[in-house]
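Breakdown of the fold
What follows is the residue order along each chain.
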Amino acid sequence: MNDLLPGESPLWQYLEQTVAALLAGYGYREIRFPILEQTELFKRSIGEVTDIVEKEMYTFDDRNGDSLTLRPEGTAGCVRAAEQNGLLFNQIQRLWYAGPMFRHERPQKGRLRQFHQIGAEVFGLPGPDIDAEMLAMTWQLWKILGLQEQVTLQINSLGSAEARAAYRSALVDYLNDHIEALDEDSRRRLTSNPLRILDSKSESTQALLDRAPVFDDFIDAESREHFAQLRDQLEAADIPYQVNSRLVRGLDYYGKTVFEWITSALGAQGTVCAGGRYDGLVEQLGGKPTPAIGFAMGTERLALLLDAAGTVPDSIARQLDVYVVVAVDDQPRALALVEGIRRECPNVRLQMHCGGGGIKSQMKKADKSGACIALILGEDELAQGAIGVKYLREEQPQQVVPIEQIAEKLTTHLE
Ligand code: ATP
Ligand code: MG
């Protein structure tokens, strides 16, 4: 579990604010739900034989002996909250959430035990139009963040539950006949979660799959049509994608559309955003049948990607605009003046020097602070009703500016 230090938090704030603004622009509204849920909720939604539920959850009994789990993902809690608060029946909802998730995994670059996701879920829309719009929205996000060269979209259709069941048994039959060529993990999955074998990393297993039954021969007509329409809409909107027929996702609740945005810039942890359609989940958790689709992106991986791509605007990395050097003995007057300037330009990030010391050491601190302007409150200038202005990142002589013009000067310079 990581500490996020002050040097990194501006990047996170930029990322979170950019995503929040984009989602708001598409009519999504934020929902906040607890970090803890009943363990049962995750078992029933994610699935008993998935990696998350089998190996990765932080589960404990509370003082009443109830089994609780730190949420490993957001969809289950979002569905639970929306259903319990009457947001789903006969309604269309576009929702988003952000926050920490917990999985007991082997920590490595881009893989932590407490990590963060920003996710979106849409309820009440069965057609491919919303699938396409969601992917268009994420594509828009990569463009805003300057990451469009770094990511590629993979999509697949998992069809209906019946089609998946028929395919599963055909796949299991085939793989059972070639079990000697299967890697150990896949052998285990053959009885628990055989579709996951499709995205096995083992080369011999992948070679075996080249001759395995293909889902395309099993997919139901409705899902086939849904997928074809989705692809048409992506093409019309110029959203590049690849069909990956071995993309299955690790969670039980998905059907029809699934997708991942992946990058090669982060080593093995290549998936930055992933999701799909889960039309059966709301009913499975006790609600009325409600079509739904959602995705989640990993904030740590996005932050790593942004850092690597170097597309973060300079103003984000700079945490201070102005440093005020206090070279007068009259601290009350200095404070009153600075507070006055703040009121006039509330968006300027301004730090007043505290703790005393000579002008030389204060100027050093001003320079180290990252600010681009130092305001110097000196006896002589103040006697004339003025303040010294020094540009810290430019070759320009120091200026003396009347106090009443300071706010405007700062605002125009920092625009
Ligand atoms: P992976 O294949 O990398 O394990 P996943 O299929 O388990 O991913 P999801 O459950 O779909 O991931 O979560 C969506 C996104 O959340 C992932 O694409 C990734 O960006 C991020 N994510 C998942 N697990 C972690 C983790 N342990 N640490 C950091 N980010 C994570
Ligand atoms: Mg995982």
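Definitions and cut-offs
- Residues numbered from 1 in each chain as written.
- Chains lettered and ligands numbered in written order.
- Predicted model: local features only at pLDDT ≥ 70, side-chain atom pairs only at ≥ 80, totals over all residues.
- Heavy atoms only, no water.
- Phe/Tyr/Trp six-rings, centres within 6.5 Å; stacked < 30°, edge-to-face > 60°.
- Helix = DSSP H or I, 4+ residues; strand = E, 2+ residues; numbered from the N terminus.
- Buried < 20%, exposed > 50% of the residue type's maximum accessible area, 1.4 Å probe, protein only.
- Domains from an automatic or database assignment.
- Expected span 1.5 Å × (residues − 1).
- Arc of directions from axis to C-beta.
- Near = heavy atom within 4 Å.
- Polar contact = N/O pair within 3.5 Å; in protein donor to acceptor, adjacent residues only side chain to side chain.
- Areas by Shrake-Rupley, 256 points an atom, 1.4 Å probe, with all protein chains shown as cover.
- Nonpolar A, V, L, I, M, F, W, Y, C, P; charged D, E, K, R; others polar.
- Contact = heavy atoms within 4.5 Å.
- 1 Å grid on protein atoms, 1.4 Å probe; cavity = no way out; pocket = protein on both sides within 12 Å on 5 of 7 lines; lining within 4 Å.
- Points joined across faces, edges and corners; volume = space filled by probe spheres on them.
- Pairing = 2+ DSSP bridges.
- Core = buried A, V, L, I, M, F, W, Y, C linked by side-chain atoms within 4.5 Å.
- Axes fitted to C-alpha atoms, helices over the stretch in contact; angles between N-to-C directions.
- Parallel < 35°, antiparallel > 145°, perpendicular 65-115°, else oblique.
- Left-handed = near helix turned anticlockwise from the far one by under 90°.

Between two aromatic rings, the relevant description is the distance of the centres plus the angle of the planes. In this structure the tally under the stated criterion is eight aromatic pairs. Seen from their ring centres, W139 and W261 are 5.9 Å apart, and the 5° between their planes marks the pair as stacked. Of this pair, W139 sits in helix α5 (residues 128-144) while W261 sits in strand β9 (residues 255-263), and the two are 122 residues apart along the sequence. Side by side, W139 and W261 carry an identical accessibility label, which is buried. Taking the centre distance of 5.5 Å and the plane angle of 55° together, the rings of Y253 and Y278 count as tilted. In this pair, Y253 sits in the loop between β8 (242-243) and β9 while Y278 sits in the loop between β10 (271-277) and α10 (281-284), placing the two residues 25 residues apart along the sequence. There is no split in this pair, since Y253 and Y278 are both buried.

Before going further, it helps to spend a moment on unusual backbone geometry. Even without a glycine there, the phi angle at N90 is positive, about 60°. Taking the relative accessible area as the measure of exposure, N90 reaches 70% and is therefore exposed. Phi is positive for K256, close to 50°, though the residue is something other than glycine. Exposure remark for K256: the relative accessible area of 12% places this residue in the buried category.

Our focus in this paragraph is the domain arrangement of the chain. Interface size, as often reported, equals the accessible area lost upon joining of the parts. You can read the domains of the chain as domain 1 (9-160 + 220-309) and domain 2 (320-414). The distance between the C-alpha centroids of domain 1 and domain 2 comes to 47 Å.

Here helix α16 (residues 403-414) is twelve residues long and its end C-alpha atoms lie 17 Å apart, about the 16 Å a rise of 1.5 Å per residue gives. Considered for burial, the residues of α16 that qualify are I403, I406, A407, L410 and L414. In an axial view of α16, the angular spread of the buried residues amounts to 95°, which keeps them on one side of the axis. Exposed positions of α16 whose direction lies more than 90 degrees from the buried face are E404 and E408.

Within the structure, ligand 1 sits among 14 residues, and R103, E105, R111, R249 and T271 are positioned closest to it. With respect to ligand 1, the side chain of R249 contributes an N or O atom lying 2.2 Å from an oxygen atom. Burial of ligand 1 by the surrounding chains reaches 87%, relative to a free accessible area of 580 Å². Elements represented by at least two residues in the shell around ligand 1 include exactly β6 (114-123), β10 and β11 (292-298). Here the element with the most residues in the shell around ligand 1 is β10; it accounts for three residues. Along the lines of polarity and charge, the residues of the shell around ligand 1 split into five nonpolar, four polar and five charged.

Another point: the environment of G77. Counting through the fold element by element, G77 comes out in helix α4 (residues 75-84). What G77 contacts, discounting residues up to four positions off in sequence, is F33, E37 and L41.

Let's shift gears to the layout of surface pockets. Here the second largest pocket is characterised by a volume of approximately 490 Å³. If you go around the second largest pocket, you meet 22 residues; those closest to its centre are L4, E8, L11, W12 and A303. At the level of secondary structure, the elements contributing two or more residues to the lining of the second largest pocket comprise α1 (9-25), β6, α11 (299-309) and α12 (314-317). Of the residues contributing to the lining of the second largest pocket, the split by class is ten nonpolar, seven polar and five charged.

Moving on, we come to the pairing of strand β3 (residues 58-61). Along a regular strand, successive side chains alternate from one face of the sheet to the other. Across four bridges, β3 lies against strand β4 (residues 67-70) in antiparallel orientation. What sits directly across from T59, in β4, is T69. In this antiparallel pair of consecutive strands, β3 and β4, the connection spans five residues, and G65 shows a positive phi of 85°.

Turning next to the nonpolar core. Counting residues in each nonpolar core, the largest one holds 49 residues, and the members touching the most others are F123, L171 and L175. Among the elements that take part in this core, helix α6 (residues 161-177) stands out by supplying six residues, more than any other. For F123, the residues in contact, after removing those within four places along its chain, are C78, V79, L88, Q91, I92, Q93, L95, Y278, V282, T290, P291 and A292.

Tallying each qualifying case throughout the model produces two cavities of 30 Å³ or more. Reported here for the largest cavity is a volume of approximately 70 Å³. Forming the walls of the largest cavity are N156, S157, L158, R164, Y167, L195, L198, F215, S245 and V248. Those elements that provide at least two residues to the lining of the largest cavity are β7 (151-157) and α6.

Moving on, we come to the packing of α5 against helix α9 (residues 221-236). Across the interface, α5 lies against α9 with an axial gap of 9 Å and an inter-helix angle of 40°. With respect to α9, the axis of α5 lies oblique. For α5 against α9, the interelement crossing comes out right-handed. The segment α5 lies against α9, with P128, D129, D131, A132 and L135 engaging H226, Q229, L230, Q233 and L234. Looking at the contact of α5 with α9 residue by residue, the classes come out as five nonpolar, three polar and two charged.

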